[in-house]
Every structure is written in C-alpha cells, then in structure tokens.
Amino acid sequence: MKRYTTFEEIDRDLKYLRLKSQIDLEEVKLGIHQSKETISETFSPINLIASTVASIVKKAFVLKVVDKLIGIKPVKKKEYEDDEHL
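Residues numbered from 1 in each chain as written. Predicted model: local features only at pLDDT ≥ 70, side-chain atom pairs only at ≥ 80, totals over all residues. Heavy atoms only, no water.

## Concerning the overall build of the protein
- What the protein contains, in helices and strands, is 3 helices and 0 strands.
- Ordered by position in the sequence, the α and β elements of the protein form the string α-α-α.
- Counting over 86 residues, the protein shows a buried share of 1%.
- A total accessible area of about 8,700 Å² is found for the protein, and carbon and sulfur atoms account for 65% of it. (Helix = DSSP H or I, 4+ residues; strand = E, 2+ residues; numbered from the N terminus. Buried < 20%, exposed > 50% of the residue type's maximum accessible area, 1.4 Å probe, protein only. Areas by Shrake-Rupley, 256 points an atom, 1.4 Å probe, with all protein chains shown as cover.)

In structure tokens:
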C-alpha cells in the first residue's frame, strides 16, 4: 500500500485515477459503437443475400468440378427399375 506524505500526492493520484476511469469509459463506448457497426454491416440484407448467393454458386461449382473429375452420372429411376426386373 502506498503511503502519502502530502495532500498534493493524494490529489495527484485521485486526478490520475479519475482520468484513467474516463479513458476506460470512452474505450468501452468506442468498442460498443464498433461492435454495433460490425453487426449492422454483417447482417444487412444485401450482405445476407450476397453471402447466400455466393454459397450456392460455390457449391454448384464444386459439384460440377467433382462430377467432371469423377464422371459419375446420376441413375434415372426408370433405368434402375428396368435393371431390377432382369
């Protein structure tokens, strides 16, 4: 524990602690403001639509590439039923 010898020392430390408290409060306010901006940008309708469309296009592209590489053709229901009767 710090020992004070004058009232000036006490006043100086109190002033320092008040200023530090104000700075901390402003940092919290800034963090909240930045979080709100990030959330509003992330969940804006345009961004949600764009990310959904991008995801669908990406999956379609990957399926097309895998189909080309592997060469698996989908079996039609009629062909499958005809094979069972043989």
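## Here we look at a nonpolar patch on the surface
- On the surface, Phe 61, Val 62, Val 65, Val 66, Leu 69 and Ile 70 cluster together into a nonpolar patch covering about 590 Å² of accessible area.
- Along the polypeptide, Ile 70 turns up in helix H2 (residues 45-70).
- A residue is classified by how much of its surface remains accessible, and Ile 70, at 54% relative accessible area, is exposed. (Patch = residues over 30% accessible without salt bridge, like charges linked within 9 Å, V, L, I, M, F, W, Y side chains within 5 Å. Salt bridge = Lys/Arg side-chain N within 4 Å of Asp/Glu carboxyl O.)

## Some remarks on the pattern of salt bridges
- Throughout the structure, instances matching the rule amount to 4 salt bridges.
- A salt bridge links Asp 24 to Lys 20; its shortest N-O distance comes to 3.6 Å. Taken together, the positions of Asp 24 and Lys 20, both in helix H1 (residues 7-42) and 4 residues apart, correspond to about one turn of that helix.
- Salt bridges here are not isolated pairs; linked through shared partners, they connect Lys 2, Arg 12 and Asp 13.

All we've got here are geometric facts, nothing functional implied.
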